[in-house]
Amino acid sequence: SFVCWFSRDDEDTFKILIATDVHLGYLEKDAIRGSDSYNALDEILKCAKTNQTSSLTRRFPWVNYQDENLNISIPVFSIHGNHDDPTGAEGLCALDLLSASGLVNHFGHSQSVERIEISPILMQKGNTKLALYGLGSIPDERLYRMFVNNQVTMLRPKEEQDGWFNLFTIHQNRSKHGPTNYIPEQFLDEFLDLVVWGHEHECLIAPTRNEQQLFYVTQPGSSVATSLSPGEATKKHIGLLRVKGRKMNLQKIPLKTVRQFFIQDVVLADYEDLFTPDTPQVTKKVEDLCFAKVTEMLEEAERERLGCPLTPEKPLVRLRVDYSGGFEAFNTSRFSQKFVDRVANPKDIIHFLRHREQKENIKGLLLKTTAVEGLRVEDLVKQYFEAAEQTVQLSLLTEQGMGKAIQEFVDKDEKDAIQELITYQLEKTQRHLQARGVTTEQDIDTEVRGWGLHWKRAKAHRLERGDEPLDPDISSEFADVAMDSDESSAPFPPPTRGRGRGARGRGGRGRGRGELLSLSVTNMKYA
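Residues numbered from 1 in each chain as written. Predicted model: local features only at pLDDT ≥ 70, side-chain atom pairs only at ≥ 80, totals over all residues. Heavy atoms only, no water.

Looking at an unreviewed UniProt entry, the protein carries the name Double-strand break repair protein MRE11, with the source organism given as Scophthalmus maximus. We quote the UniProt Sequence similarities (unreviewed entry) comment for the protein here in full: "Belongs to the MRE11/RAD32 family." Note on the protein: under the UniProt heading Cofactor (unreviewed entry), the record states "Mn(2+)". (UniProt positions renumbered as here; feature names shortened; annotations may be inferred.)

(A) Highlighting helix H9 (residues 417-436). With 20 residues, H9 extends 29 Å from end C-alpha to end C-alpha; this agrees with the ideal 28 Å at 1.5 Å per step. Along H9, the positions that sit buried rather than exposed are Ala417, Leu421, Gln425, Lys428, Thr429, His432 and Leu433. All buried residues of H9 project into a common sector of 135° when viewed along the axis, lining one side. The outward face of H9, more than 90 degrees from its buried face, is lined by the exposed residues Arg431 and Gln434. In the stretch just after H9, Gly437 is the one whose phi turns positive, near 70°. (Helix = DSSP H or I, 4+ residues; strand = E, 2+ residues; numbered from the N terminus. Expected span 1.5 Å × (residues − 1). Buried < 20%, exposed > 50% of the residue type's maximum accessible area, 1.4 Å probe, protein only. Arc of directions from axis to C-beta.)

(B) Local environment of the side chain of Asp96. The residue Asp96 is located in helix H2 (residues 94-100) in this model. Here His106 takes part through its side chain, which lies 3.0 Å from a polar atom of the side chain of Asp96. In this view, Asp96 contacts Gly91 and His106; residues no more than four positions away in its chain are not counted. (Polar contact = N/O pair within 3.5 Å; in protein donor to acceptor, adjacent residues only side chain to side chain. Contact = heavy atoms within 4.5 Å.)

(C) Expanded view of the UniProt feature "active site" (unreviewed entry) in the protein. UniProt annotation of "active site" (unreviewed entry) refers to His83 when read in the numbering used here. As for its position among the elements, His83 is in the loop between strand S4 (76-78) and H2. When its relative accessible area of 65% is taken as the criterion, His83 is described as exposed.

(D) Main features of the nonpolar core. Counting 27 residues, the largest nonpolar core has Phe168, Leu192 and Val195 as its most contacted members. Of all the elements in the fold, those that place two or more residues in this core are strand S6 (116-118), strand S8 (128-135), helix H3 (140-148), strand S9 (152-154), strand S10 (164-171) and strand S11 (194-198). Top contributing element to this core by residue count: H3, with five residues. With residues up to four places along the chain from it excluded, the contact list for Phe168 reads Ile118, Tyr133, Gly134, Leu135, Met154, Leu188, Leu192, Leu194, Val195 and Val196. In terms of nonpolar packing, the next biggest core, distinct from the first, is built from 25 residues, Phe275, Val286, Val317 and Phe330 among them. (Core = buried A, V, L, I, M, F, W, Y, C linked by side-chain atoms within 4.5 Å.)

(E) Local environment of the pattern of salt bridges. Within the structure shown, the criterion is met by 12 salt bridges. We note a salt bridge from Asp193 to Arg246, for which the minimum N-O separation is 2.8 Å. Taken as a pair, Asp193 in the loop between S10 and S11 and Arg246 in the loop between strand S14 (237-244) and strand S15 (247-254) lie far apart in primary sequence, 53 residues in all. The class of Asp193 is buried, set by a relative accessible area of 13%. Arg334 is the salt-bridge partner of Glu287, the closest N and O atoms lying 3.7 Å from each other. Placement of Glu287 in helix H4 (residues 282-305) and of Arg334 in helix H5 (residues 332-336) is noted, with a sequence separation of 47 residues between them. Each of Glu287, Arg334 and Lys338 takes part in a single network of salt bridges with overlapping partners. (Salt bridge = Lys/Arg side-chain N within 4 Å of Asp/Glu carboxyl O.)

Right, here's the structure in full:
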């Protein structure tokens, strides 16, 4: 979650210490790593304490440091993340307990699941006015739909709207994990000046400008590694933000108490000069190579740790070994014993993986193409069949249905998505043919081809007339037969934009239940 501390600099400058995803208590029972999150938070708090704090003029129902019964030296404002999601009838989370105790100020909590109104905390210091917006974690698919359907509103001060520095904090997927499993930056209002993006653990703290919306985005990342992935290996930082008038400056501060993390990839097929799957004692040779790679990372960690007494002694180390092409994995438990006193994660140093070439090549090609051209997988499937010869055209399945199944396969790694689509369609077709009393191969072929022609003509007529899609309430995501084909889905209208108080200006037509909601951000146009 987003956490910020306010302090004094000069009479017109806000100084805000920014940290995201502290994951307090992560692996607290681990003998080696149990204190990592606490040590990082302690360092962050000490960094905040080096700046003298001051009370600020604001319009907010209650803040802890204005309570005469509390002695608050560091005012803290925080939104909740996905691990402390509000639950229960009253929608409470762990942060509410801290807030009720006067330890932090919890904001950005939306009670409604039908409409969100984000009201800012208004602060003034000298001549500088700061509007602090926050939105705690909400399931990405739900929030995506709410943005598209014009159900999210950001309120603005009534007076001197252009005189405020607008800071927005959000805790959602920033990178695309599926058609709607993220929040595009273009969904956010353009009057914002700076967006602090939480939930993503990779530290990309240097502000980047969104050239379409004209605001800046900073992604501080987490202060503790919670997975052994490449994004966590980036050096951890927090940010010291200075705001004066409508100008800002963000200074990144490296964290010194964070445990080091090193990760490398090894593809065994690339070491043909040392061994092949047929080499005698090849498994021993592979193990020796991995030992050398892990030792290199430990030596690099030791060099970096020199002169940094606050850095934990044992680093995290991960070696990902691709053993495709006929190689065999060795005993990782026995291998880990060689480093049990030197690393913080002895049980999972080695991670073996084997690419299934055909699947990975198709998936990689689709991901690469969609990333470069901004296309949906459904669009690629449609383009393929439009250009394909007649002999490889689809008969029972539609292009859009196949596209959705492949989208599930690519984005969500649903291994059975395509097979489930085919099985469902075959069963539905068989029931239809039985009901029509069709038995011979020739009659079956004629009936199936008749469906396709009937559907395409009916669709063309509907499009010409501008009619509503046929049968929008399809119960299955992969309903694909011509009579109730999911090709009837209507595209989203281009989102529009508004300005001023409550400006959201985004709309969208309701979708049929059971459909995959999909929007190509690259193709969006704004008024």
